[in-house]
Structure formats: structure tokens, C-alpha cells
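Here's the letter readout for the chains.
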Amino acid sequence: MTLYVCATPIGNLGDASSRLVETLRGAEVIACEDTRRTLKLLSHFQIKGPRLVSLHEHNEEQRLAEMLGLLRVGAAVALVSDAGTPALSDPGFRLVRACRRERIVVTVVPGPSAVTAALSISGLPSDRALFTGFLPRSRRELALLLNEAAAARATLVAFDSPRRVRGSLAVLSELAPEAEVAVCRELSKLYEEVVVGMPAQVREALGEPVRGEIVVVVALGERFSAAGGVPGGEAAAAPLTPEAIGPWVQESLRNGRRTREVARELAERTKLSRAAAYELVLAAKRGEEPAAL
């Protein structure tokens, strides 16, 4: 009657520990985020026998009764995510919490984590860190998050998508232009890359398109903490001048921001209604020149 929370490689299968392989080989059931990804891992280590059960963000609540039932009758269940450590911005939290409530034994098979890997090689302060899952998409929410990190005097660690990371860096360059940022890409893989600098510098160095798994590390520094955080966490963003609207909208869309998100911020930063702002953003998506917007 044990749940084994197993960290799996984040890119390099050579990082799998002998204990991980032994645990997966001895498990009767493996609860996994994506059965296809886990099958590849098992095939690599020639592991046959365990039954794979999908457990992801959309079905974890529904799977709890089944998993708890198996554990109550003595089954050895391993919990894995697609890569890294389960329950850290990945499925598994609800299952672990339910097991704790029912006094089912939960043990860890530690190993790779993109969070600690990125923090350890970023060269940014690591004595206090705030992990926040994925970076928020809106400027206001990101500003609030930066203020939270500044108040805690903590280095911020977060995931981001390759499609959105340039947009996130553009917003960071507005909110905290002198912050230290490390964008860690494809950690432990063949094309591992870590780009460090101020937000605008990192954004330029990344180029486009950006590919691969992304972890962003942000150190705001003492000056931001002493100043009570970055601007924008509570106040509205700076207004956009009429001539700046078109270029700003097109740049926001190129950086992967959603239409409604761009329209909402545009309305906040201009005197446009939300409906008018939305129409303007749609026009930009159709490729109209800024002068025509």
C-alpha cells in the first residue's frame, strides 16, 4: 500500500537513476500523464508488466477513487509525469493529498527537476526562490507576481512556452528593465542553452522562432525590493499614444499574446472601448498597416 512519486528525466534518459528503474519495474500500476511518453521510457529500460493508467490535469479528480482503491488493497503504484518531478506544476498533487488524508504511505524517488536545474545553472541568487508554475499571460498579473517576488526578496522561477517567451520578456523589459533574467532552454538535452542578461538583451539574443522547453529565472535585486517592487503591480500600465497603438498591437501579437488579452490591455491603456479595441486587434491580425489602424 505505497504510492511512489517518481521523478523522470527531463530530456536525457541517462539521468534516470537505478532506483527509478527498479521502482518502475516493481510497480503493478503506473499512473502517468501521457501513456505514450511513459511507454517510451519503459521500452528504453526494457520494463514490461506494469499497467499504465492515464492521470493528467483533466481527469485526476475522476481517477482518485480508482487509484485509492488499488492502494487500499496493497498495490504498488508509481506516479510519474511526462518529465521531471510530479505535482510540481504537473499532475499528482490531488492524488498525493488524498493518500495523505487516508494515511496511505507516500514515498519519493527523487531525481530530475527543471526548476532546480534551471536555478542551479542560472548564476542568479538561489538562497531564496519562488516557483510559480507558468508565467501569467497578462501584464498586470505578471507585475503583481514580480512584486510578490520582490517583497519576499526571492528569485522567481517559472515555466513559459516557446511561443510566448519573447512576449514575456518584452513585458519584463517594461516592468523591470534592469532585472537579471536567465532563459534556460532544452535543459539536459543536446541543444541546451542558457541566455542570461537584462530582459531586452535576452529577448534579442534568443531570436525567433524559439523552440523547446523553457524555464525562466528572474532576479529583481535589492533595488527593486527596497523600492517596494516594480511599477504596474497595482497601478494601470502607461497610456499608449495614438501613433504607438499600431506597432504595440502588432508586436504583442507577434509575441504570442492572445487576441482578447491584447484587446483588454489596449482598452486599459487608451480611451477605446473594449469592443473597439478588440476590432482594432482583429484588424492587426488581418495584416493591416499600423497607419490604417
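Criteria and cut-off values
- Residues numbered from 1 in each chain as written.
- Predicted model: local features only at pLDDT ≥ 70, side-chain atom pairs only at ≥ 80, totals over all residues.
- Heavy atoms only, no water.
- Pairing = 2+ DSSP bridges.
- Helix = DSSP H or I, 4+ residues; strand = E, 2+ residues; numbered from the N terminus.
- Axes fitted to C-alpha atoms, helices over the stretch in contact; angles between N-to-C directions.
- Contact = heavy atoms within 4.5 Å.
- Phe/Tyr/Trp six-rings, centres within 6.5 Å; stacked < 30°, edge-to-face > 60°.
- Buried < 20%, exposed > 50% of the residue type's maximum accessible area, 1.4 Å probe, protein only.
- Expected span 1.5 Å × (residues − 1).
- Patch = residues over 30% accessible without salt bridge, like charges linked within 9 Å, V, L, I, M, F, W, Y side chains within 5 Å.
- Areas by Shrake-Rupley, 256 points an atom, 1.4 Å probe, with all protein chains shown as cover.
- Salt bridge = Lys/Arg side-chain N within 4 Å of Asp/Glu carboxyl O.
- Lys, Arg positive; Asp, Glu negative; His and termini not counted.
- Charge placed at Lys NZ, Arg CZ, Asp CG, Glu CD.
- Parallel < 35°, antiparallel > 145°, perpendicular 65-115°, else oblique.
- Left-handed = near helix turned anticlockwise from the far one by under 90°.
- Nonpolar A, V, L, I, M, F, W, Y, C, P; charged D, E, K, R; others polar.

### Brief notes about the sheet that holds strand S3 (residues 51–54)
Move 1: The strand order across the open sheet built from five strands is S3-S2-S4-S1-S5, with neighbouring strands paired in parallel fashion. A strand with exactly one partner marks an edge of an open sheet, and here the two such strands are S3 and strand S5 (105–109). Mean inter-strand twist for the sheet, computed between neighbouring axes without regard to direction, equals 25°.
Move 2: Two strands pair when backbone bridges link them, and strand S1 (residues 2–6) and S5 are joined in this way by five bridges, in the parallel orientation. Directly across from Tyr4, in S5, lies its bridge partner Thr107.
Move 3: Its contacts with the sheet place helix H4 (residues 93–101) against S1, strand S4 (76–80) and S5, and it is angled at close to 150° to S1.

### Considering the packing of aromatic side chains
Move 1: Summed over all chains, the structure comprises two aromatic pairs.
Move 2: Aromatic pair Phe131 and Phe159: ring centres 5.3 Å apart, planes at 70°, arrangement edge-to-face. Separated by 28 residues along the polypeptide, Phe131 in strand S6 (residues 129–134) and Phe159 in strand S7 (residues 155–160) bring together distant segments of the chain.
Move 3: For Phe131, a relative accessible area of 29% gives the class partly exposed.
Move 4: Note on Phe159: relative accessible area 16%, which makes it buried.
Move 5: Plain terms: the ring middles of Phe134 and Phe159 are 5.5 Å apart, the flat faces sit at 65° to each other, and that makes the pair edge-to-face. In this pair, Phe134 sits in strand S6 while Phe159 sits in strand S7, placing the two residues 25 residues apart along the sequence.
Move 6: You can call Phe134 partly exposed: its relative accessible area is 46%.
Move 7: Here the aromatic cluster, defined as three or more aromatic residues joined through ring pairs, consists of Phe131, Phe134 and Phe159.

### What about helix H3 (residues 60–72)?
Move 1: End to end, H3 covers 18 Å across 13 residues, agreeing with the expected 18 Å (1.5 Å per residue, within 8%).
Move 2: Among the residues of H3, Glu60, Leu64, Met67, Leu68, Leu70 and Leu71 are the ones counted as buried.
Move 3: Buried residues along H3 sit in contact with S1, strand S2 (29–32), S3, S4 and H4.
Move 4: Positive backbone phi, at 100°, marks Gly74, one or two positions downstream of H3.

### Some points on a positive patch on the surface
Move 1: Together, Arg137, Arg163, Arg258, Arg264 and Arg274 make up a positively charged patch on the protein surface.
Move 2: With respect to the helices, strands and loops of the structure, Arg163 is situated in the loop between S7 and helix H7 (165–175).

### With respect to the packing of H7 against helix H8 (residues 199–206)
Move 1: Relative orientation of the contacting elements H7 and H8 amounts to 155°, with a least axis distance of 8 Å. Relative to H8, H7 is oriented roughly antiparallel. Seen along the crossing, H7 lies across H8 with a hand that is left-handed. Across the interface between the two elements, Val165, Arg166, Leu169, Ala170, Leu172 and Ser173 from H7 touch Pro199, Ala200, Val202, Arg203 and Leu206 from H8.
Move 2: Here the contact of H7 with H8 is built from residues that sort into eight nonpolar, one polar and two charged.

Treat this as a map of the structure, not an account of what it does.
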